[in-house]
Every structure is written in C-alpha cells, then in structure tokens.
Amino acid sequence: MAAVETESPAHAAELEAIRRVVAAVERSQRRRDPDEFLAVIHPDAVWTTIRGRVLVGFDEIEEFTRKLLASAEREGAVSYEVTHVRFVRPDVAVVKVRQRYRGPGHDREGAPLYVLSKDETGRWLLVAGQNTVVTAG
C-alpha cells in the first residue's frame, strides 16, 4: 500500500474502517452482489461510472447497480487496493484506489476516486465515486 496518510496514530482505526468499505465494494463486484455494494452507499451519493454516466442519489445508483451486476458476464478476478487516503476533516476522507480486472483475454485497470463521510452513527459511507479507465501512454 502506497502513500496512505499515517500522520497520526489516531487515524489507524479510521483507515481500517475505510479499507473495509473499499473491501466491501471489491467483494460486491466479485460476488456480483448489489446489496453488499449498496450497503456502503450514502442516500445522497453521486456516482460517475467508468463510462462517464452520472448517477445522483441512492435510487439511481441502486437501479444501475442491480442491472449491471445482474448482467455481468465476466470471468476472472477483480481486486481493489487503497493507495492513498487524505482526511479532509475527521469525518470526510478522499480515497484513491487501484482497481484491477483480470480475465481470459482481457486485463483492465481502473483508478477510482472515492469520497467517504461518516453518517450520524459514525459509519463510513461512500458519498461520491468517480471511476476512470487507466490507459497506456
């Protein structure tokens, strides 16, 4: 793991909680489980897909996610690695992720940027996501 903010030992539990959110996103992709993904989405989230489609609010994100994961026909594996975390405030973090899809005849890398914030119970949720395909060059 590169460049994860570790300025204060007090952030260790928060960093681990953030990693668990990213791990839930990874598992949801592997299992094609929309419920696991949606469990970490804030009700007012904004999400931009890897193809640039903007989804505003939980309902739009849910509709898109359920259709996408139900129709996913990929073989292979996906992995998500947290590469950078910056706490904007104690309850808001910007998280850079390295996303890799490996499968027969295709390998693809994405570079998601997530914004997470704590809800009123102290749980980290995704409030914004932007994915970008990594291309050579």
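Everything discussed here concerns the structure shown above.
Throughout what follows, the structure given in this document is the object of discussion. All of these numbers come straight from a predicted model, not from anything done at the bench.

### What about the pairing of strand E3 (residues 77–89)?
In step 1: Pairing analysis gives eleven bridges linking E3 to strand E4 (residues 92–103), with the strands arranged antiparallel. In the strand pairing of E4, arginine 86 is matched with valine 94.
In step 2: Where E3 hands over to E4, the hairpin turn is made up of two residues, counted between the paired strands.

### Brief notes about the environment of glutamate 14
In step 1: In this fold, glutamate 14 is placed in helix H1 (residues 12–31).
In step 2: Along the backbone, glutamate 14 and tryptophan 124 are 110 residues apart, and their C-alpha atoms lie at a distance of 8.6 Å.
In step 3: If near-sequence neighbours (up to four positions away) are discounted, glutamate 14 is found in contact with Phe87, Lys118 and Trp124.

### Quick look at the packing of aromatic side chains
In step 1: Tallied over the entire structure, the rule returns three aromatic pairs.
In step 2: With centroids separated by 5.3 Å and ring planes inclined at 85°, the aromatic side chains of phenylalanine 37 and tryptophan 47 adopt a geometry described as edge-to-face. Taken together, the residues phenylalanine 37 in helix H2 (residues 34–38) and tryptophan 47 in strand E1 (residues 41–48) connect sequence positions ten residues apart.
In step 3: You can call phenylalanine 37 buried: its relative accessible area is 5%.
In step 4: Among the residues examined, tryptophan 47 registers a relative accessible area of 13% and is labelled buried.

### Comments concerning the layout of surface pockets
In step 1: Put simply, the largest pocket is a space of about 620 Å³.
In step 2: Lining of the largest pocket is provided by 23 residues; of these, Gln29, Ile50, Leu68, Tyr101 and Arg108 occupy positions nearest its centre.
In step 3: Breaking the lining of the largest pocket down by element, the ones donating at least two residues are H1, E1, helix H3 (58–71), E4 and strand E5 (106–110).
In step 4: Among the elements that make up the lining of the largest pocket, the one with the highest residue count is H3 (four residues).
In step 5: Each residue belonging to the lining of the largest pocket can be placed in one class, and the counts come to twelve nonpolar, seven polar and four charged.

### Observations concerning the side chain of asparagine 131
In step 1: Tracing the backbone shows asparagine 131 in the segment after strand E7 (124–130).
In step 2: Polar contacts involving the side chain of asparagine 131 include one to the side chain of glutamine 99, which spans 3.0 Å.

### A few points about the nonpolar core
In step 1: Counting 28 residues, the largest nonpolar core has Val95, Tyr114 and Leu126 as the members making the most contacts within it.
In step 2: Here this core gets seven residues from one element, more than from any other, and that element is H1.
In step 3: Setting aside anything within four residues of it in sequence, one finds tyrosine 114 in contact with Val22, Val25, Trp47, Tyr80, Ala93, Val94, Val95, Val97, Leu126, Ala128 and Gly129.

### A few points about H1
In step 1: Given a rise of 1.5 Å per residue, 20 residues ought to cover 28 Å, and the 28 Å separating the end C-alpha atoms of H1 matches this to within 8%.
In step 2: Buried residues along H1 sit in contact with H2, H3, E3, E4, strand E6 (113–118) and E7.
In step 3: Taken from the residues just after H1, arginine 32 is the one with a positive phi, measuring 55°.

What counts as what
- Residues numbered from 1 in each chain as written.
- Predicted model: local features only at pLDDT ≥ 70, side-chain atom pairs only at ≥ 80, totals over all residues.
- Heavy atoms only, no water.
- Pairing = 2+ DSSP bridges.
- Helix = DSSP H or I, 4+ residues; strand = E, 2+ residues; numbered from the N terminus.
- Contact = heavy atoms within 4.5 Å.
- Phe/Tyr/Trp six-rings, centres within 6.5 Å; stacked < 30°, edge-to-face > 60°.
- Buried < 20%, exposed > 50% of the residue type's maximum accessible area, 1.4 Å probe, protein only.
- 1 Å grid on protein atoms, 1.4 Å probe; cavity = no way out; pocket = protein on both sides within 12 Å on 5 of 7 lines; lining within 4 Å.
- Points joined across faces, edges and corners; volume = space filled by probe spheres on them.
- Nonpolar A, V, L, I, M, F, W, Y, C, P; charged D, E, K, R; others polar.
- Polar contact = N/O pair within 3.5 Å; in protein donor to acceptor, adjacent residues only side chain to side chain.
- Core = buried A, V, L, I, M, F, W, Y, C linked by side-chain atoms within 4.5 Å.
- Expected span 1.5 Å × (residues − 1).

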